Amino acid sequence: MGSGRVRVRFAPSPTGIFHVGGARSALFNWLVARRAGGDFVLRVEDTDASRNRPEWTDGIISALDWLGISPGGYEGPVLQSSRADRHRAAAERLHAEGLAYYCDCTREALAERTGNAQRGYDGFCRDRGLAPGPGRALRFRTPDDGVTIVEDLIRGTPEFPNETIEDFVVARADGSAVFLLANVVDDLEMGITHVIRGEEHLSNTPKQQLLWAALGADAPPVWAHVPVIVNEKRQKLSKRRDKVALESYRDEGYLPAAMKNYLMLLGWAPPGEDEIVPWETIESTFDLADVKPSPAFFDEKKLKAFNGEYIRRLSVAEFIEAVRPWLSAPAAPWEPAAFDADAFAALALLAQSRVSVLSEIVPMVDFLFLPEAPIDDAAWAKAMKGPAAELLADVHDLYDKIEWEAETLKAGLTEVGERHGLKLGKAQAPVRVAVTGRSVGLPLFESLEALGRETTLRRLAEARERLTGG
Ligand code: GLU
């Protein structure tokens, strides 16, 4: 501390989900620490005891881990609640030094005096010299004139006239510190040099900067407020409306590398034309000074396309490894013993070029491992028309005797289709539905080859029986 060593912190309030905006802040902080050879501190701001659960902290730690910010690589977690005494002590010091005063004004009394206008506190108790006591909050005495200038690496130097900053509450009547103070006390005592956080905290910053000075800091930290994240309607991302939980992306099968790369684009861009760049490039080029202050659009479609691109860039072996969790219990809908690694490997490359998120692998290959084809009723109704029953019977007869290899199976169906006046595309439909249960999927003949003759013939026969009633 004081040595010029960069120290940043990520200070989430646990809410039960890990917000993608938090993920971006964490990455920005992480990169600043990495680039400067400094420290990254995880501080969990868990002071709102009414909405807090220990497992939420575990969720934060595991989400960070997924992003490559792993325990052991940073300081903490420090639970803010464990520092409540320090916060209280700071509040008492502010009072003792005359920088804060007790106030017993009720909301109603204030509204009566100020005519209900949302003008903030009017300073009524400033010079009443109240002692601490029940119903008395502690307010910080803000300067009457002058201006507080916030130097922000992303937003320039916003100025806040001090007369517009009300005497704000720093501690509640029970002596506990509010967020504004606890957050500053922790940053100050932990030697934090850079506060990098969401734009929604910019309005807190002049108040917090005044607290830094009041608590004896030589200088405030370097501030950097990263841009708000909005949806396609330009509305701030909301937990109720938008898919904001990092966990849901993880569970759907987004690759952490894709997610990290995409999150970095929310306010920043790597040098050059390419948006998809290796993490090493990001680590060697990221600079807070290049972050744009304008709102950043979280484009789920683009993220998905990005992820598909990352999947395409894996080797087949890496792809097989990456989808493994979706192909095993408890995610997979088939019996674990039914999984056939060779059959899957035969189709892996074809699947790899078609999935955008890893969970899409399941409906693509489930026909291989489920005992019966998972028939989709709408697909069935559409495909099983006209000469479907006769066609299935003929295909069955032919497939019973020819070589079990994709090209031969294709040539065979082409020929059978022609006999029924159907082009290959049309002739495929009933076969595909009978065998895979669906109207879309991996290339049909490779699928049949992987499934094997016996099961294919059985499903063709069963479908025909279902169509003809026996
Ligand atoms: N706990 C605050 C939040 O999650 C963060 C405050 C900060 O980073 O200074 O919004």
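Here the structure is a predicted model, which is why all the values come from computation and not from measurement.

The rules we used
Residues numbered from 1 in each chain as written. Predicted model: local features only at pLDDT ≥ 70, side-chain atom pairs only at ≥ 80, totals over all residues. Heavy atoms only, no water. Helix = DSSP H or I, 4+ residues; strand = E, 2+ residues; numbered from the N terminus. Buried < 20%, exposed > 50% of the residue type's maximum accessible area, 1.4 Å probe, protein only. Contact = heavy atoms within 4.5 Å. Areas by Shrake-Rupley, 256 points an atom, 1.4 Å probe, with all protein chains shown as cover. Lys, Arg positive; Asp, Glu negative; His and termini not counted. Charge placed at Lys NZ, Arg CZ, Asp CG, Glu CD. Patch = residues over 30% accessible without salt bridge, like charges linked within 9 Å, V, L, I, M, F, W, Y side chains within 5 Å. Salt bridge = Lys/Arg side-chain N within 4 Å of Asp/Glu carboxyl O. Phe/Tyr/Trp six-rings, centres within 6.5 Å; stacked < 30°, edge-to-face > 60°. Lys NZ or Arg CZ within 6 Å of the ring centre and 35° of its normal. Near = heavy atom within 4 Å. Polar contact = N/O pair within 3.5 Å; in protein donor to acceptor, adjacent residues only side chain to side chain. Nonpolar A, V, L, I, M, F, W, Y, C, P; charged D, E, K, R; others polar. Core = buried A, V, L, I, M, F, W, Y, C linked by side-chain atoms within 4.5 Å. Pairing = 2+ DSSP bridges. Axes fitted to C-alpha atoms, helices over the stretch in contact; angles between N-to-C directions.

Asker: Help me understand the overall build of the protein in this model?
Answerer: If you tally the helices and strands in the protein, you get 19 helices and 12 strands. The dimensions of the protein, computed from C-alpha atoms along their principal axes, are 100 × 50 × 35 Å. Per-residue burial for the protein yields a buried fraction of 48% across its 470 residues. In the protein, once contacts between residues fewer than 6 apart in sequence are set aside, the share between residues at least 24 apart is 76%. Carbon and sulfur atoms provide 51% of the accessible area of the protein, an area that totals close to 22,400 Å². Between the centroid of the 56 positive side chains of the protein and the centroid of its 70 negative side chains there is a distance of 4 Å.

Asker: In this structure, what is going on with a negative patch on the surface? I would like to understand it.
Answerer: A cluster of acidic residues, Glu403, Glu407, Glu446 and Glu449, forms a negative patch on the protein surface. In this structure, Glu449 sits in helix α18 (residues 444-451).

Asker: Any chance you could explain the packing of aromatic side chains here in plain terms?
Answerer: Any two aromatic rings considered together are summarised by their centre-to-centre distance and by the angle between their planes. On inspection of all chains with the given rule, the structure shows 15 aromatic pairs. Each ring, one from Tyr249 and one from Tyr254, has its centre 5.2 Å from the other, and the planes form 80 degrees; the classification is edge-to-face. Using a relative accessible area of 0% as the deciding quantity, one classes Tyr249 as buried. Looking at Tyr254, the relative accessible area reads 4%, which means it is buried. Here Phe339 and Phe344 contribute two aromatic rings whose centre-to-centre distance is 6.2 Å and whose plane-to-plane angle is 45 degrees, an arrangement assigned as tilted. Residue Phe344 is classed as buried on the basis of its relative accessible area of 1%. Aromatic ring contacts, followed pair by pair, group Tyr249, Tyr254, Tyr262, Phe298, Phe306 and Tyr310 into a single cluster. In this structure, Lys260 is placed above the aromatic ring of Trp279, and the distance from its NZ or CZ to the ring centre is 4.2 Å.

Asker: Explain unusual backbone geometry to me, please; I cannot follow it from the model alone.
Answerer: Peptide bonds are trans in most cases, and residues, glycine excluded, mostly fall at negative phi. Gly76 connects to Pro77 through a cis peptide bond whose omega is 10 degrees. As for its position among the elements, Pro77 is in strand β3 (residues 75-79). For the bond from Ala329 to Pro330, the omega torsion is 0 degrees, close enough to zero to count as cis.

Asker: Can you walk me through the pattern of salt bridges in this structure?
Answerer: Pairs can form between side chains of opposite charge once their charged atoms are near each other. All chains considered together, the criterion is met by 30 salt bridges. Note that Arg9 and Asp187 form a salt bridge whose closest N and O atoms lie 2.9 Å from each other. One end of the pair, Arg9, is in strand β1 (residues 7-10); the other, Asp187, is in helix α5 (residues 179-189), with 178 residues separating them in the sequence. Residue classification places Arg9 among the buried residues on the basis of a relative accessible area of 2%. Residue class for Asp187 comes out buried when judged on its relative accessible area of 2%. With a closest N to O distance of 3.4 Å, Lys304 and Glu360 form a salt bridge. Taken as a pair, Lys304 in helix α10 (residues 300-312) and Glu360 in the loop between α12 (341-352) and α13 (361-369) lie far apart in primary sequence, 56 residues in all.

Asker: Any chance you could explain the environment of Leu67 here in plain terms?
Answerer: Tracing the backbone shows Leu67 in the loop between α2 (54-66) and β3. C-alpha separation for the pair Leu67 and Ala305, spaced 238 residues apart in sequence, amounts to 19 Å. Residue contacts for Leu67: discarding those within four places in its chain leaves Phe18, Ala23, Leu27, Leu246, Lys260 and Leu263.

Asker: Explanation requested: the site of the ligand in the structure shown.
Answerer: Neighbouring residues of the ligand: Arg9, Ala11, Pro12, Ser13, Glu45, Phe179, Asn183, Arg197 and His201. Within the side chain of Asn183, one N or O atom sits 3.1 Å away from an oxygen atom of the ligand. Against a free-state accessible area of 290 Å², the protein chains account for coverage of 82% of the ligand. Looking at side-chain class alone, the shell around the ligand contains three nonpolar, three polar and three charged residues.

Asker: Whenever I open this one, helix α8 (residues 256-264) confuses me. Can you help?
Answerer: Residues separated by three or four positions in an α-helix point in the same direction, a consequence of the helix having 3.6 residues per turn. Burial runs high along α8: seven of the nine residues are buried. Listed in full, the buried residues belonging to α8 are Ala258, Met259, Lys260, Asn261, Tyr262, Leu263 and Met264. Buried residues belonging to α8 abut α1 (20-36), α2, α7 (246-252), α9 (279-285), β12 (296-297) and α10.

Asker: Please explain the nonpolar core as it appears in this structure.
Answerer: Generally speaking, a soluble globular protein has its nonpolar side chains buried in company with each other. In this structure, Phe298 and Tyr399 are the most contacted members of the largest nonpolar core, which totals 109 residues. Counting residues per element, this core draws most heavily on α1, which supplies nine residues. Ignoring sequence-local partners within four residues, the contact set of Phe298 consists of Val20, Ile229, Val230, Leu237, Lys243, Tyr249, Met259, Tyr262, Leu263, Leu266 and Leu303. Formed by 38 residues, the second largest nonpolar core is a distinct cluster that contains Phe140, Ala171, Met190 and Trp223.

Asker: What is the right way to look at the side chain of Asn261 in this model?
Answerer: By the secondary structure assignment, Asn261 is in helix α8. Take Asn261: its relative accessible area is 1%, and that puts it in the buried class. Non-local contacts of Asn261, meaning those with residues more than four positions away in its chain, are made with Glu275, Ile276, Val277, Ile282, Phe306 and Tyr310.

Asker: What's the story with the sheet that holds strand β5 (residues 137-140) in this structure? I'm lost.
Answerer: Note on sheets: strands pair through backbone hydrogen bonds, and any given pair is parallel or antiparallel. If you walk across this open sheet you meet the three strands as β4-β5-β8, and the pairing is antiparallel. Of all the strands in the sheet, just β4 (100-103) and β8 (169-171) have a single pairing partner and so form its edges. Ignoring strand direction, the axes of neighbouring strands in this sheet form an average angle of 45 degrees. Relative to β8, β5 runs antiparallel, the two sharing two bridges.

Asker: It is not clear to me how the environment of Tyr249 should be interpreted in this structure. Could you clarify?
Answerer: Tracing the chain through its elements places Tyr249 in helix α7. Separated by 85 residues in sequence, Tyr249 and Trp334 have C-alpha atoms that sit 23 Å apart. Tyr249 has contacts with Val20, Lys243, Tyr254, Met259, Phe298, Glu300 and Leu303, leaving out every residue within four places of it along the chain.

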